[in-house]
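# Commentary on secondary and tertiary structure
Chain residues, written in single-letter form:
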Amino acid sequence: MFFAALFILITVFKISAAQVDVFPLHDRWLFSFQDRNPITVSVPSNWTMYGGAIPALGYARYERLLTLPPPETRPPLMLRIGEIGTACEVYIDDKLIGGQGTYSPDPAAHVPMVAPLYLEVPPNLPDQVKLTIKVSNYEDTNGGGIWGPIQLGSKNELLSRRDRALIRDAAMAGIFFIVFLFYLILYLYRRKDQALLLFALICLAFVFRQLVTGEKILLLLFPKLSWNLLVRIEYLSLYVLAPLYIQFFSVLFGPYRWPKPITLGLIAIGLSSSLAVLFLSIPWFISTLIGIQIYWLLLFALTLVVLEGARRSGAEDAGLFLLSFSIFVLGGLNDLLLTRLFLPTVSLITLAQLLFILFQSLALARRFAREYRRTKNLEELNSHLQKLDEERSRFFAAASHELRTPVSLIITPIDGIQKGFYGENLRYDDPVFTLIRRNCDRLKHLSEQLLNVLKIDTGMVKPLLQSVDMQVYLQKYMALFSAEAEKKKLRFKLEAAERPSVAHTDPVLLETVVFNLLSNGIKFTPPEGELRIRIIPPEDGFITFIVQDSGPGIPAEQQAMLFTRHAAASRAQGPGVSSFGIGLPLSAEIVKLLGGTIRVESEMGKGTSFLVSLPQSQKAQSSRDIAAAKQIQGETDTRFHQQTAILLVEDDEDTRTMLTNVLSSRFAVHSTTSGAEALEKIQQGLEPDLVISDLIMYPMDGLTFRERLLAEPGFAAIPFLFISANQEPAIREQALGTGAVDFIQKPFYIDELVAKIESLRLLMEQKQKRMEERILQALRQGESLPRKERGSWRERLANIKPTERDWEVVEYLLQGLSDKEIASQLGCSARTISNRVSSLLKRTGQPSRAALIAYLGGAE
């Protein structure tokens, strides 16, 4: 619509520029100010520009001879006088034919009015006549005179031009008003964007300026409108634009580069001049026009600098704003040349205003569209975050409920035991202990799943990929669930191809996936149903295993939400089924982390299948040997010896008290609350056979305590055992790297800890016994005490009949590599290497990793 209007208005401008039967009357005017002698001048001009120190206020007379066409060929003629300041009378051959305002040499009788004047030339005039124009001015302090061009021509042509000019001015005002309404509505819709309101006000100022300039449409609409009000509207519509422009571009492109007081000063000048127009007398504020025009030129220059800087910095649409404002500046300069210097140029201000508004409107519309899209995106993001927050709240509410259940089934029986509700002679195998143990396991499983979710969210989980024989791997977990399957009389079986299906994956992370799928399969398969695991031969570089149950199935509309956290499908849950929507989403994220995919296929009434695809291993050998190696364990003797001294370092009072009470019946336990306190006891004479230490303590943590203990003479070989709730592989490796014999994660079972301590005690006893035998043998033979046997470490290691993998591990141990580094070299997990090192410690009789290295390395 805007560009169509632009095309029409340009066409109107072209038509109005045509010269048809119209003659300008510029020169050969005799001008006399009041009673002074006449001089020859040209018009349009201000009479103060004629020289001779002519005052701005007063009255004057213009005369000129006109040569008219012959009467027989003369069409009806008309005079058009652009503007005269500020009142006039027009005479032909000293006969009054019209005027504007009330001309009078007396200021009291003078009534101003400035507007285009159209006067019909009387017919039947001779070929040559005298044209006289009397002018009086007592308002404009810049000077009176004929300010607009005077034209003589055909009445029809001049009236046609007037009509086209009126259409042009009305169309321009209409366009400006539509744009004003459009951006005002946008601002009401988006009140945070002040640029929309400022641009709407700029358009409104253009509307009023268009109504009171040119053909002065407002005067045609309201003929009785006084010049006093008309001139105030004209000046106000100009003066108010300055602060609007400053604020408008400041909002668009940020604060100006110059100091803020300069910007505030420019705004203050514009506002104060606007207030002067409203409240001061007309001669006073008109006298400020030249200063305001200089102010506008300065403002033009500063704004152009700002826009050019924004364009150079890559601000969006800055080039378009710069182009439109440059056009407006050119139009403003053209208007100054016409109205102040009275140069005979084509008026371009109206066209410049139109182009300025159209280009600015386009740039603002693009900006609004971008902001609207950004707002929509933010609203969508906010809606998504609110949804996530609601889901998280539901998730934590459900998690809290699920965690309360096992906690309640732990606290309540213990409270009953303490209060004697189970009798005074409670056996260790009473069902209440089974209940407590089962809910402890349940609580541990729930907490581990929550921790796994947190680790994956924070990017802390890094898979340790290795070759895994899926048949061996899945058979192990089938054995774990076989008792539950038998309890429900399920047909539980594994189907696999003849050749091994070896995947390249992390067996530790995959454990969570398999556990969740088998656990869900058994839960949702009805009694005497079927639960199958199928391994599909490798295809396209992936190995797929399927967990298929004969349960009730999952509705199609819920299947898409199964792997979405907190929104997992709610399948029919029977007694004993507990879940807070984390198992399957966690499994999906783990499978994705392993480079695989997981999907579901289900049909109501026929069961559900979960298909997990993992990358195929590129190694040719099977990983069954690796899996078998994990089963290597040394059986421990359960004999108890009170003489074994254990130094327990634990800052948590409940844990310290529990371990002290449990271990005191078997060993001599010395408990401390920090590494600093433990070190102080050792320096006071305590010589423990074993140290059990927490990791995070104050003021001295477990790692620092271990390093300080290694520096104490005679304490480096004492077995050191870490216990901690920290599950970070890097922390575990750091702890084991200090020579600690093991790193046990909380929660742990007390029988496992006792077995570990007993195993270490037996190893120390065997070592001590061998040393005593060697000493006795040496004394009998009259020899000196034996030193380390001569020969290479390979000869010494050959005594325990090591496997090929043992040789590889020891070789890397002597190079100083950690478990993780050895695992990376051998393509297996760090846990496998840790188990292998523990086996070597037992078979060589060494109490620690450092002792093993010293034992082997010292043989060279």
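Note: the structure precedes this text.
Below is a summary of the structure that appears in this document. (Residues numbered from 1 in each chain as written. Predicted model: local features only at pLDDT ≥ 70, side-chain atom pairs only at ≥ 80, totals over all residues. Heavy atoms only, no water.)

## Overview of the packing of aromatic side chains
Aromatic rings in a pair are described by how distant their centres are and how their planes are angled relative to each other. Applied cut-off: In summary, the pairing rule links any two rings of Phe, Tyr or Trp, Trp by its six-membered ring, whose centres are within 6.5 Å, and it sorts them by plane angle into stacked for under 30 degrees, edge-to-face for over 60 and tilted for everything else. In DSSP terms, a helix is any run of H or I states spanning at least four residues, a strand is any run of E spanning at least two, and both are numbered starting from the N terminus. Buried, partly exposed and exposed residues are distinguished by accessible area as a fraction of the type maximum, computed with a 1.4 Å probe on protein chains only: under 20%, between the cut-offs, and over 50%, respectively.
If you walk through the whole model with that rule in mind, you get 34 aromatic pairs. Plain terms: the ring middles of Y245 and F328 are 5.5 Å apart, the flat faces sit at 50° to each other, and that makes the pair tilted. Within this pair, whereas Y245 is found in helix α6 (residues 241-253), its partner F328 is found in helix α10 (residues 318-339), the two being separated by 83 residues in sequence. Here the two residues Y245 and F328 agree in accessibility, since each one is buried. Consider the rings of F300 and F328, whose centres lie 6.1 Å apart with planes at 85°: the pair is edge-to-face. Note that F300 is positioned in helix α9 (residues 289-312) and F328 in helix α10, a separation of 28 residues in sequence. For the pair formed by F300 and F328, the shared burial category is buried.

## Brief notes about the sheet that holds strand β23 (residues 720-724)
To be explicit about the condition: For two strands to pair, DSSP has to find at least two bridges joining them. Axis definition: a line fitted to C-alpha atoms, over the contacting stretch in the case of helices. Angles run 0 to 180 degrees between N-to-C directions.
On the basis of which strands lie adjacent, the open sheet formed by 5 strands has the order β21-β20-β22-β23-β24 and parallel pairing. Taken across any chain shown, the strands that pair with only one partner, and hence form the sheet edges, are β21 (668-672) and β24 (742-745). Averaged over all pairs of adjacent strands, the angle between strand axes in this sheet comes to 20°, irrespective of strand direction. Sheet topology note: the strand β22 (residues 690-694)/β23 ladder contains 4 bridges and is parallel.

## Description of a nonpolar patch on the surface
Our working definition: Candidate patch residues must exceed 30% relative accessible area and have no salt bridge, after which like charges are joined if within 9 Å and Val, Leu, Ile, Met, Phe, Trp or Tyr side chains if within 5 Å. Methods summary: accessible areas were calculated by the Shrake-Rupley approach with a probe of 1.4 Å, and residue burial reflects only the protein chains presented. The term salt bridge refers to a pairing of a side-chain nitrogen on Lys or Arg with a carboxyl oxygen on Asp or Glu at a separation within 4 Å.
On the surface, a nonpolar cluster with roughly 360 Å² of combined accessible area is contributed by L378, L381, L385 and L388. Given a relative accessible area of 36%, L388 falls into the partly exposed group.

## Side note on the pairing of strand β2 (residues 29-33)
When a strand is regular, its side chains alternate between the sheet's two faces. With 4 of its 5 residues buried, β2 lies for the most part within the structure. With antiparallel pairing between neighbouring strands as the criterion, β2 and strand β3 (residues 39-41) make up a hairpin whose turn holds 5 residues, including Q34 at a positive phi of roughly 55°. When β2 meets strand β4 (residues 58-67), the two strands line up antiparallel, connected through 4 bridges. Residue pairing across strands places F33 opposite A60, the latter belonging to β4.

## Some thoughts on helix α18 (residues 653-663)
What counts here: Here the arc refers to the set of directions running from the helix axis out to each C-beta atom.
All buried positions along α18 are accounted for by T655, R656, L659, T660 and L663. Buried residues of α18, viewed axially, fall in a sector of 125°; they line one side. The exposed set on the far side of α18, more than 90 degrees from its buried face, consists of E653, D654 and N661.

## Quick notes on the nonpolar core
What tends to happen in soluble globular proteins is that the nonpolar side chains get buried as a cluster. Where we set the bar: Throughout this description, the term nonpolar core refers to a set of buried Ala, Val, Leu, Ile, Met, Phe, Trp, Tyr and Cys residues connected via side-chain atoms within 4.5 Å. Any pair of residues with heavy atoms lying within 4.5 Å of one another is described as a contacting pair.
In this structure, F206, Y245, F248, F249, W296, F321 and F325 are the most contacted members of the largest nonpolar core, which totals 76 residues. It is helix α3 (residues 194-212) that contributes the most residues to this core, 12 residues altogether. Apart from residues no more than four positions distant in its own chain, F325 is found in contact with Y245, F249, F300, T303, L304, L307 and F356.

## Some points on a negative patch on the surface
What counts, and what does not: When charges are counted, neither His nor the chain ends are considered; positive counts come from Lys and Arg and negative counts from Asp and Glu. Every charge is mapped to an atom, namely NZ of Lys, CZ of Arg, CG of Asp or CD of Glu.
On the surface, a cluster of negative charge is contributed by D651, D652, E653 and D654. Its place among the elements puts D652 in the loop between β20 (645-649) and α18.

## Describing helix α20 (residues 702-711)
Note that an α-helix has 3.6 residues per turn; residues three or four places apart therefore point the same way. Where we set the bar: The term polar contact refers here to a pair of N or O atoms within 3.5 Å; inside protein, the definition further demands a hydrogen-donor-capable atom paired with an acceptor-capable atom, and it admits residues adjacent in sequence only when both atoms are side-chain atoms.
Among all positions in α20, only G702, L703, F705, R706 and L709 are buried. Projected down its long axis, α20 shows its buried positions confined to an angular sector of 160°, all on one face. What points out from α20, more than 90 degrees from its buried face, is the exposed set E707 and A711. Considering only its buried residues, α20 is in contact with β20, α19 (675-683), β22, β23 and α21 (729-736). Looking at where α20 begins, the residue whose side-chain oxygen comes 3.3 Å from the main-chain nitrogen of L703 is D701.

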